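Each chain, letter by letter, is given below.
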Amino acid sequence: MPVSVTTTDGQGRMLADGNEIPLLGLGVWQVPNGPECVNAVRWALELGYRHIDTAQAYGNEESVGQGIRDSGVPRDEIFVTTKFQPRSKDPVAAVERSLERLGLDRVDLYIVHWPAGGPTWAWPGMERAHELGYARSVGVSNFDVQELQQLVATAAVAPVVDQVQFSPYEYRKALLAHCEENGIVLEAYSPLGSGRHLGSEVAGRIAERLERTPAQVLLRWCIERHIPVIPKSTKRERIAENAQLFDFTLTDEDMAQLDQLDGTGGTNRAQERKWWS
Ligand code: NDP
């Protein structure tokens, strides 16, 4: 069943399990545990973000929890994602440690960070974490179409998200289509190419015409498709800039020009180079 339903304010998306994911989130990969991370999370929440994306592998869950508490934003208004580090053995024990570090009693989304050792072995533990109420939703990251198919064939609780590298330069059209057709929301990581795509001539030209910035154009390209997007910044003004996405639109022509930047051939793969094998 396709899941393309946005929430009434247009800033969130329904997941197949009935939960809601805000389309904009703050990513904190490579942000060291400490004041830089605490501040980024607090600023984002003060500036209206309601979604934070961390991971066990990032080593900064304590600071994410601190930033949430410092912001004063009620916990139940915030969507918190963490990821199971698949070099660990047990998703339940691992999420219990995450919750301790975060200072939370549950996360909103718990995803298998990458399919190390195959796509299915960790899933019973993910389902158990869900059943125990540690995670409201469960999903995966860096899974190809084939890996999603293998997982769904054996899963009792289906994954509701596949978080993958996704931007106009990595427009994984076949993977997106598969997700849409199977009730899985594709979530875009590295939407600015970890900074590499900000010099895009096409995005720059569109940004100039719209009196926006290249970052906003690249992020809006995802929002136009109702794809949740999690840009990272530790600078307050950029965190603010990256949130100004819901007061402008891209034309069909803009979208078509950006689509053409794709260097993946519209692949159904999640990664060109698997760092885990
Ligand atoms: P992004 O694509 O979000 O780009 C971040 C880079 O762009 C940083 O160098 C940042 O610098 C800079 N930047 C951000 N906003 C602006 C702006 N408005 N103007 C100019 N420069 C800007 O990078 P990530 O690769 O970090 O991806 C985002 C998130 O996705 C991660 O933080 C993580 O949460 C998730 N992710 C998940 C992965 C997975 O395997 N599941 C893998 C990779 C990422 P500065 O901070 O100095 O502003």
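If you're wondering where the values come from, they're calculated on a predicted model, not measured in any experiment. (Residues numbered from 1 in each chain as written. Predicted model: local features only at pLDDT ≥ 70, side-chain atom pairs only at ≥ 80, totals over all residues. Heavy atoms only, no water.)

Can you help me understand the overall build of the protein in this one?
Within the protein one finds 10 helices and nine strands. The C-alpha radius of gyration computed for the protein amounts to 18 Å, which stays within 12% of the reference 19 Å derived for 277 residues, consistent with globular compactness. At a minimum sequence separation of 6, the contacts of the protein that also span at least 24 residues come to 75%. Where the 28 positive side-chain charges of the protein centre and where its 38 negative ones centre are 4 Å apart. (Helix = DSSP H or I, 4+ residues; strand = E, 2+ residues; numbered from the N terminus. Rg over C-alpha atoms; globule rule 2.2 N^0.38 Å. Contact = heavy atoms within 4.5 Å. Lys, Arg positive; Asp, Glu negative; His and termini not counted. Charge placed at Lys NZ, Arg CZ, Asp CG, Glu CD.)

What exactly am I supposed to notice about the sheet that holds strand β5 (residues 79-84) here?
Strand pairing within a sheet occurs via backbone hydrogen bonds; the two strands may be parallel or antiparallel. Strand order in the open sheet made by the seven strands is β3-β4-β5-β6-β7-β8-β9, with parallel pairing throughout. Each having just a single partner strand, β3 (26-27) and β9 (185-189) make up the two edges of the open sheet. Here strand β7 (residues 135-141) runs beside strand β8 (residues 161-165); their pairing, made up of two bridges, is parallel. Looking at the pairing, Ser141 lines up with Gln163 of β8. Against the sheet, helix α4 (residues 123-131) makes contact with β5, β6 (107-112) and β7, and its axis sits at roughly 155 degrees relative to β7, the strand it touches most. (Pairing = 2+ DSSP bridges. Axes fitted to C-alpha atoms, helices over the stretch in contact; angles between N-to-C directions.)

Would you mind going over the packing of aromatic side chains with me for this structure?
The relative placement of two aromatic rings is captured by the distance of their centres and the angle of their planes. Under the definition given, this model contains seven aromatic pairs. Ring centres 6.0 Å apart and planes at 65 degrees place the aromatic pair Phe84 and Trp121 in the edge-to-face group. Within this pair, whereas Phe84 is found in strand β5, its partner Trp121 is found in the loop between β6 and α4, the two being separated by 37 residues in sequence. Members of the aromatic cluster, joined through ring pairs, are Phe84, Tyr110 and Trp121. Across the ring face of Phe248, the terminal group of Arg220 is positioned such that the distance to the ring centre comes to 6.0 Å. (Phe/Tyr/Trp six-rings, centres within 6.5 Å; stacked < 30°, edge-to-face > 60°. Lys NZ or Arg CZ within 6 Å of the ring centre and 35° of its normal.)

For this particular structure, what's the right way to read the site of the ligand?
Around the ligand there are 29 residues in total, and Asp53, Ser190, Ser194, Ser233 and Lys235 lie nearest to it. Here His113 contributes a side-chain N or O atom positioned 3.3 Å from an oxygen atom of the ligand. Taking Pro191, its main chain carries an N or O atom lying 3.4 Å from an oxygen atom of the ligand. Within the complex, the protein chains bury 89% of what would otherwise be the 910 Å² of accessible surface of the ligand. Tallied by class, residues from the shell around the ligand come to 11 nonpolar, 12 polar and six charged. (Near = heavy atom within 4 Å. Polar contact = N/O pair within 3.5 Å; in protein donor to acceptor, adjacent residues only side chain to side chain. Areas by Shrake-Rupley, 256 points an atom, 1.4 Å probe, with all protein chains shown as cover. Nonpolar A, V, L, I, M, F, W, Y, C, P; charged D, E, K, R; others polar.)

Would you mind going over the environment of Asn33 with me for this structure?
Relative to the elements of secondary structure, Asn33 occurs in the loop between β3 and α1 (35-46). Remark: the alpha-carbon pair of Asn33 and Ala188, spanning 155 residues in sequence, is separated by 23 Å. The contact partners of Asn33, leaving out residues within four places of it in the chain, are Gly59, Asn60, Glu61, Glu62 and Ser63. Looking at Asn33, its side chain comes within polar contact range of the side chain of Glu62, at 3.1 Å. Within the structure, the side chain of Asn33 is placed 2.7 Å from the side chain of Ser63, a separation counted as a polar contact.

What's the story with helix α5 (residues 145-154) in this structure? I'm lost.
What sets the pattern is the α-helix's 3.6 residues per turn: residues three or four places apart point alike. For α5, the complete set of buried residues consists of Val145, Glu147, Leu148 and Leu151. Summarising the axial view, the buried residues of α5 lie within an arc of 160 degrees, below the 170-degree limit, and thus occupy one face. Exposed side chains of α5 directed beyond 90 degrees from the buried face belong to Gln146, Ala153 and Thr154. Looking at the buried positions of α5, the neighbouring elements they touch are α4, β7, β8 and α6 (173-181). (Buried < 20%, exposed > 50% of the residue type's maximum accessible area, 1.4 Å probe, protein only. Arc of directions from axis to C-beta.)

Honestly, the pairing of β7 in this entry has me stumped. Any pointers?
Consecutive side chains along a regular strand alternate between the two faces of the sheet. For β7, the tally of buried residues reaches six of seven residues, placing the bulk of the element in the interior. Looking at chain direction, β6 and β7 are connected through five bridges and run parallel. Bridge pairing links Tyr110 to Val138 in β7. Handedness of the β6-α4-β7 crossover: right-handed. Once you follow β7 into α5 and on to β8, the crossover reads as right-handed. (Right-handed = clockwise from strand over helix to strand, strands pointing away.)

Explain the packing of α5 against α6 to me, please; I cannot follow it from the model alone.
Viewed as axis vectors pointing N to C, α5 and α6 meet at an angle of 20 degrees, and their least axial separation amounts to 10 Å. The orientation of α5 relative to α6 falls into the category roughly parallel. Of the residues in α6, those in contact with Val145, Leu148 and Gln149 of α5 are Ala174, Leu175, His178 and Cys179. Among the residues making up the contact of α5 with α6, the classes are represented as five nonpolar, two polar and no charged. (Parallel < 35°, antiparallel > 145°, perpendicular 65-115°, else oblique.)

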